[in-house]
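Summary of structural features
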Amino acid sequence: MNTATDYTSAEMMTVTAARALENGMTCFVGIGLPSEAANLARLTHAPEVVLIYESGTLQTKPDVLPLSIGDGELCESALTTVSVPEMFRYWLQGGKVSVGFLGTAQIDRYANLNTTLIGDYTAPKVRLPGGGGAPEIATNAGEVFITLKHSPRAFVRDVDFITTLGFGRDGKGRDGVPNIGKGPTRVITDLCVMKPDPVDRELTVVSLHPGVSREQVQEATGWDIRFAPELAATPEPSDHELAVLRELKARTERAHSGQ
Amino acid sequence: MNTATDYTSAEMMTVTAARALENGMTCFVGIGLPSEAANLARLTHAPEVVLIYESGTLQTKPDVLPLSIGDGELCESALTTVSVPEMFRYWLQGGKVSVGFLGTAQIDRYANLNTTLIGDYTAPKVRLPGGGGAPEIATNAGEVFITLKHSPRAFVRDVDFITTLGFGRDGKGRDGVPNIGKGPTRVITDLCVMKPDPVDRELTVVSLHPGVSREQVQEATGWDIRFAPELAATPEPSDHELAVLRELKARTERAHSGQ
Amino acid sequence: MAEILSLSDAVKRYVEDGATVAMEGFTHLIPFAAGHEVIRQRKRDLTLIRMTPDLVYDQLIGAGCVKKVIFSWGGNPGVGSLHRLRDAVEKGWPHQIEILEHSHAAMACAFEAGAAGLPLAVLRGYVGSELPNVNEQIKFIECPFTGERLAAVPSVRPDVSIVHAQKADRAGNVLVEGIIGVQKEAVLAAKHAIVTVEEIVDDLGAHPNACVIPGWAIDAIAVAEKGSLPSYAHGYYPRDNRFYKEWDAIARDRDAFTRWIDDNIIQTGGHA
Amino acid sequence: MAEILSLSDAVKRYVEDGATVAMEGFTHLIPFAAGHEVIRQRKRDLTLIRMTPDLVYDQLIGAGCVKKVIFSWGGNPGVGSLHRLRDAVEKGWPHQIEILEHSHAAMACAFEAGAAGLPLAVLRGYVGSELPNVNEQIKFIECPFTGERLAAVPSVRPDVSIVHAQKADRAGNVLVEGIIGVQKEAVLAAKHAIVTVEEIVDDLGAHPNACVIPGWAIDAIAVAEKGSLPSYAHGYYPRDNRFYKEWDAIARDRDAFTRWIDDNIIQTGGHA
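Small disclaimer: the values here were computed from a predicted structure and weren't measured.

What follows covers the overall build of chain C. In terms of regular secondary structure, chain C is built from nine helices and 15 strands. Since a compact globule built from 272 residues should have a radius of gyration of about 19 Å, the 18 Å found for chain C is in line with a globular shape. Dimensions along the principal axes, computed over C-alpha positions, put chain C at roughly 55 × 50 × 30 Å. Relative to its full complement of 272 residues, chain C shows a buried share of 68%. In chain C, of all internal contacts separated by at least 6 residues, the share reaching a separation of at least 24 is 73%. Accessible area of chain C: about 8,600 Å², with a carbon and sulfur share of 44%. Looking at charge distribution, chain C has the averaged site of its 27 positive side-chain charges lying 3 Å from that of its 35 negative ones.

See the structure below:
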């Protein structure tokens, strides 16, 4: 597999996120970046990854990326489509999802996610869309992958509001809770890959993307970010991955602008 | 409408039971006698009665009587067929059923039904099939009609076991219970029609079938049966009703013996 | 038993000022025509329930019909914010509205429980989330068999639910196909239900286990051709993704929004 | 991911002595072939769960495979009693069995809750019934919102569920059509699931909202042509009502029953 030399940091993020998915996993897919990464995985190394969207579409294989979580394309290419209550009850809560793939507006050092609001709940500075499927995806899926662009506004020491549990305000939010998934096992950004520390659960950079320095990551993070003692270099995208991703995005662009 | 002169007491029972159903009612139908009566109603005066069977078949219009509660005929002639959990949750418990039509093995003076066993629970003399749908049909349907053959073995003062609530051991079993249907509003046998007393809920004969005496009813009942002060005479079956019923049974016979 | 009415008559008869209304459709089959009719009839003080408010509730909020919104994800899918929802919540325009927010799982279960005639839904949910701190309708119960702590939310039981579907037959039986969301649950959970459809046909042509809602579980059927645009109707027309993107600019600006409502909803007099 | 196995291998691998097994199918698609294979393999001490035990459990009970039955209606539909069930309960032949009985509503909810991964199901049920007196698994909880007393039962979560369906594709995805009962719930609620099918096809040809169970939610698929006879398979063959009537005489008599099992199950060696 040739590695490409000319790619964007957004492409690096998507390819790295896609590689996190293994063939045969059942993945509950969030819209946006997770959806892009999950479909790239399906179109490259993981043809049998099972993609599930909260709109009820089971094992879907969209030819273009959906703009919304319930685009017709998702239903037309699905094995079957169930009601939304069934999706959350039988498939997610029923333990059939191995990985939930989420984006977020804010994330903190314990991988708690905030998609509710910036500021105070009763007088918000910015009102965000809200929880959606995330609160239960994060606790009922076997594990959780998170992908978002790295910035100090997004990576804050403590989120303004825990919409969705990572490891809680003290890193111990999952301890002793029965029937709960492992929670966030990796966070993939345009700069690096992070994993929770096995002991205290604080997010730790385990791999830097090519050309990215520790300083860049620190500048884009709102707390003193830890680096793993054996910091890896994230492998570069291959030509094939980039070609598939670019073709997918071009197809998507054509399909959506045609309407 | 001509009235027939030549009919059996079983036909009298079925026709009378059928007449209890009004056009437009939604009826949750028990197998056997209730099913026969409900389909007769549909084929005579109540063409728009909605028949629902617990197998999930909604608004079914079988051409022949089903032998089991889930015969293929029920599904093929239904508006749609839902899962059994949906049937019990959305349609019955959800309050969409105006009348539940039940048979039983034993019934007592407060219209409690026993389909569990004769004798003692831990050492039964006769083990009966059990509750099936009846316990919740009887409480979640708007009201309940009951039809069975009159005999002292079936009509007992106190049932050995309350599988399905009529009005409880003391007639007050529904008092103060929220979200509960009216319960049994009539019992139709081959001898008469009974209704619960409006005050103390004890079953009271309100109508005698043609040619049936009070003594016959008393002999077939295991307690001192009450008669309403204004005892009516049950109208006889019409020629049309009998013809439709007999043709239905003949069709059914042909269909089931053909297999 | 479903009566076939004009959309205007159906809304007039069943949507009262102050009512609790659920207009459902998970991205697909969103009842836009009905929402526009509610705006045209200047209904007020509505409590709106919907998992994903989408543009239809953004329009109703901006048009001043709404007192309270119960929801679980309030964005413009794939585009960004619902600016009218944000303006009402952040700045009180056209007036302050209350919000009560859930997760999708909880709302889906609450619709399901409403359809099932239950007062509550129980789920393995809200673990570690701070939503229970700001929504007093989220409680926790203990399982009597395992001792596990489970979330409980009140079931959804709207005064009126409004959904859009592909087709009805002449008896008012409705076929919903594709992404069916919580439409059936919304209809069954409500005191009254209005279903708008693309067309009325002689025969639904449905397979044995299709999502068919019987006419006797519905109050009114109204024909609304293209009634879910800019959302879509599987088998009829695609989603107008371009409009979803254009809405961002329209809704960002109060004047642009007001003009849009006036030009596209009020002035059309029901023939949008 | 579903593996395509012979029925014999599937039962050998997943049905252990002492296991809790749900063979479901509400009148339709009853997995008789699989039940017969369990008899042939002389499995013992099974706890059998099934809403309507039907002839298949009558046969398993009479053949001595069963320790306990959890059920809600144990009759021969339209005919009368299950004589082997009665003989075991009333007279302890071939040995005493335990029974635990529910109503249909409670069992349907318990399967649903099992599929939903919950420890309990909540329903408005058992009001005034004496079943809670004889089944300690029926409890009552108080709704934290309304104070209403509601029934609660533990969810059903079998070690193995076995269902029969019309067809599977080569990836093991299964289509169930017609009266779908609690089959999907049984499969999803179980630790392991075996699905027998009439045939394996290239394409299920399913409509968008069909009851399709994905192969990755199933452990084993086994082809069993006519595998639900004397029950039926919608689209394949009708119910053998005559056999249901004949069973009454066979099952009434211990010797006639034993001969029948021997001739029709044991001696066939899996080619019944």
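Read on, since the account is not over.
What follows concerns the pattern of salt bridges. Within this structure, the stated rule accounts for 50 salt bridges over all chains. Linking K184 of chain D and E86 of chain A is a salt bridge whose minimum nitrogen-to-oxygen distance equals 2.6 Å. Residue K184 of chain D is found in helix 7 (residues 183-189), and its partner E86 of chain A is found in helix 4 (residues 84-93); the two belong to separate chains. In this structure, K184 of chain D and E86 of chain A share a single accessibility class: buried. In this structure, D197 of chain A and R226 of chain A form a salt bridge, with 3.6 Å as the shortest nitrogen-oxygen distance. Placement of the pair is D197 of chain A in the loop between strand 12 (192-196) and strand 13 (203-208) and R226 of chain A in strand 14 (residues 226-233), with a sequence separation of 29 residues. Residue classification places R226 of chain A among the partly exposed positions, given a relative accessible area of 29%. Shared partners join several salt bridges into a network, and the residues in it are D63, E247, R251 and R254 of chain A.

We now examine the packing of aromatic side chains. Enumeration according to the criterion identifies 18 aromatic pairs over all chains in this entry. Plain terms: the ring middles of W247 of chain D and F257 of chain D are 6.0 Å apart, the flat faces sit at 80 degrees to each other, and that makes the pair edge-to-face. With W247 of chain D in helix 8 (residues 241-252) and F257 of chain D in helix 9 (residues 254-266), this residue pair connects regions lying 10 residues apart in the sequence. What makes F257 of chain D buried here is its relative accessible area of 2%. Just above the ring of F145 of chain A sits the side chain of R186 of chain A; from NZ or CZ to the centre is 5.1 Å.

Residues and elements named next belong to chain A. In space, the 10 strands of this open sheet follow the order 4-3-2-1-5-10-11-12-13-14, with mixed pairing throughout. Looking at the sheet topology across the chains shown, the edges are occupied by strand 4 (78-81) and strand 14. Here the average twist between neighbouring strands, direction ignored, is 20 degrees. Pairing analysis gives four bridges linking strand 13 to strand 14, with the strands arranged parallel. Across the sheet, the residue bridging to T204 is R226, located in strand 14. With respect to the sheet, helix 2 (residues 33-43) is in contact with strand 1 (26-29), strand 2 (50-53), strand 3 (57-60), strand 5 (99-102) and strand 10 (143-147), its orientation differing from that of strand 2 by roughly 155 degrees.

All names here are of chain C. Read from one edge to the other, the open sheet built from three strands follows the order 8-10-9, with strand pairing classed as antiparallel. Strands at the two margins of the open sheet, each flanked by one partner only, are strand 8 (120-123) and strand 9 (139-142). Averaged over neighbouring strand pairs, the angle between their axes works out to 40 degrees when direction is ignored. As defined by bridge partners, strand 9 adjoins strand 10 (residues 149-154) across four bridges and the pair is classed as antiparallel. If you follow E142 over to strand 10, its bridge partner there is R149. The strands that helix 5 (residues 104-115) touches are strand 8 and strand 10; relative to strand 8, the one it contacts most, it runs at about 135 degrees.

What follows concerns the side chain of S103 of chain C. Tracing the backbone through its elements, the reader meets S103 of chain C in the loop between strand 7 (98-101) and helix 5. Reaching out from S103 of chain C, the side chain makes a polar contact with the side chain of E136 of chain A at a distance of 2.8 Å. If sequence neighbours within four positions are ignored, S103 of chain C has contacts with G132, P135 and E136 of chain A together with S72, Y126 and L131 of chain C.

The subject of this paragraph is the interface of chain C and chain A. Accessible area lost on assembly of the parts is the figure often given for the size of an interface. Of the residues lining the interface, 47 residues belong to chain C; the matching set on chain A comes to 46 residues. Buried surface at the junction of chain C and chain A, summed over both partners, amounts to about 4,000 Å²; 59% is from carbon and sulfur atoms. The largest share of the area that chain C buries against chain A comes from R124, V127 and E130 of chain C, three residues that together contribute 15% of it. Inspection of the region where chain C meets chain A yields two salt bridges. The interface formed by chain C and chain A holds 19 residue pairs in polar contact (both at pLDDT 80 or more) in total. Of all the elements in the fold, those that place two or more residues in the side of chain C that touches chain A are helix 4 (83-91), strand 7, helix 5, strand 8, helix 6 (131-134) and helix 8 (241-252) of chain C. The greatest single-element share of the side of chain C that touches chain A, amounting to five residues, is contributed by helix 5 of chain C. Per-class residue counts for the side of chain C that touches chain A are 21 nonpolar, 14 polar and 12 charged.

Turning our attention to the interface of chain A and chain D. Across the contact, 17 residues belong to chain A and 16 residues belong to chain D. Counting each side, the surface lost to burial between chain A and chain D is near 1,500 Å², with a carbon and sulfur contribution of 58%. Considering only the side of chain A, the residues that lose the most area to chain D are L79, Y90 and W91 of chain A, jointly responsible for 37% of the buried surface there. At the junction of chain A and chain D, the tally comes to two salt bridges. Remark: the boundary between chain A and chain D carries 10 residue pairs in polar contact (both at pLDDT 80 or more). Elements with a minimum of two residues in the side of chain A that touches chain D: strand 2, strand 3, strand 4 and helix 4 of chain A. With five residues, helix 4 of chain A is the single largest residue contributor to the side of chain A that touches chain D. When grouped by side-chain class, the residues that make up the side of chain A that touches chain D number eight nonpolar, six polar and three charged.

Residue and element names in this part refer to chain D. Within the element layout of this structure, C211 appears in strand 14 (residues 211-213). Among the residues examined, C211 registers a relative accessible area of 9% and is labelled buried. Contact partners of C211, with chain neighbours within four places excluded, come to V174, L175, V176, I180 and K184.

Turning to the confidence of the model for chain C, a few remarks are in order. On average, residues of chain C carry a pLDDT of 96, and 99% of them reach 70 or more. Reported confidences for the modelled complex are a pTM of 0.97 and an ipTM of 0.97.

Let's shift gears to the packing of helix 2 (residues 32-40) of chain D against helix 9 of chain D. Residues and elements named next belong to chain D. Where helix 2 contacts helix 9, the axes come no closer than 10 Å and their chain directions differ by 105 degrees. With respect to helix 9, the element helix 2 is oriented roughly perpendicular. Residue-level contacts link H36, I39 and R40 of helix 2 to W260, I261, I265 and I266 of helix 9. When its residues are assigned to classes, the contact of helix 2 with helix 9 shows five nonpolar, one polar and one charged.

Tracing the chain through its elements places Q166 of chain D in strand 11 (residues 160-169). Beyond its immediate sequence surroundings of up to four residues, Q166 of chain D is in contact with H28, L29, L175, V176, E177, V197, E198, E199, A233, H234 and Y236 of chain D.

Attention shifts here to the packing of helix 3 (residues 54-62) of chain D against helix 4 (residues 83-91) of chain D. Residues and elements named next belong to chain D. Where helix 3 meets helix 4, the axes come as close as 7 Å, and the angle between the chain directions of the two elements is 45 degrees. Classified by the angle between their axes, helix 3 and helix 4 sit oblique to one another. Of the two possible hands of crossing, helix 3 and helix 4 adopt the one that is left-handed. The residues of helix 4 that touch helix 3, namely those facing D58, I61 and G62, are H83, R84, L85 and A88.

Now for helix 8 of chain C. Helix length check: helix 8 of chain C (12 residues) gives 18 Å between terminal C-alpha atoms against 16 Å at 1.5 Å per residue, within 8%. All of the buried residues along helix 8 of chain C are N241, F243, Y244, W247, D248, I250 and A251 of chain C.

Another aspect to go through is the environment of E236 of chain A. Secondary-structure assignment places E236 of chain A in the loop between strand 14 and helix 7 (239-257). Along the sequence, E236 of chain A and L203 of chain A sit 33 residues apart, while their C-alpha atoms lie 22 Å from each other.

Among the nonpolar cores identified, the biggest contains 247 residues, and L21 of chain A, L21 of chain B, V174 of chain C together with V174 of chain D are the most heavily contacted of them. Discounting chain neighbours no more than four positions away, the residues touching V174 of chain D are A165, K167, A168, V195, V197, L204, C211, V212, I213, I218 and I221 of chain D. A10, V11, V21 and V89 of chain C belong to the second-largest nonpolar core, a separate cluster that totals 47 residues.

Attention now goes to unusual backbone geometry. Note: most peptide bonds trans; most residues except glycine with negative phi. Across the junction of W93 of chain C and P94 of chain C, the peptide omega takes the value -5 degrees, indicating a cis bond. Examined against the element boundaries, P94 of chain C turns out to sit in the loop between helix 4 and strand 7. Phi is positive for A111 of chain B, close to 60 degrees, though the residue is something other than glycine. On the basis of relative accessible area, A111 of chain B is assigned to the buried category, the value being 0%.

Parameters at a glance
Residues numbered from 1 in each chain as written. Chains lettered and ligands numbered in written order. Predicted model: local features only at pLDDT ≥ 70, side-chain atom pairs only at ≥ 80, totals over all residues. Heavy atoms only, no water. Helix = DSSP H or I, 4+ residues; strand = E, 2+ residues; numbered from the N terminus. Rg over C-alpha atoms; globule rule 2.2 N^0.38 Å. Buried < 20%, exposed > 50% of the residue type's maximum accessible area, 1.4 Å probe, protein only. Contact = heavy atoms within 4.5 Å. Areas by Shrake-Rupley, 256 points an atom, 1.4 Å probe, with all protein chains shown as cover. Lys, Arg positive; Asp, Glu negative; His and termini not counted. Charge placed at Lys NZ, Arg CZ, Asp CG, Glu CD. Salt bridge = Lys/Arg side-chain N within 4 Å of Asp/Glu carboxyl O. Phe/Tyr/Trp six-rings, centres within 6.5 Å; stacked < 30°, edge-to-face > 60°. Lys NZ or Arg CZ within 6 Å of the ring centre and 35° of its normal. Pairing = 2+ DSSP bridges. Axes fitted to C-alpha atoms, helices over the stretch in contact; angles between N-to-C directions. Polar contact = N/O pair within 3.5 Å; in protein donor to acceptor, adjacent residues only side chain to side chain. Buried area = accessible area lost by both parts, 1.4 Å probe. Nonpolar A, V, L, I, M, F, W, Y, C, P; charged D, E, K, R; others polar. pLDDT = per-residue confidence, 0-100. Parallel < 35°, antiparallel > 145°, perpendicular 65-115°, else oblique. Left-handed = near helix turned anticlockwise from the far one by under 90°. Expected span 1.5 Å × (residues − 1). Core = buried A, V, L, I, M, F, W, Y, C linked by side-chain atoms within 4.5 Å.

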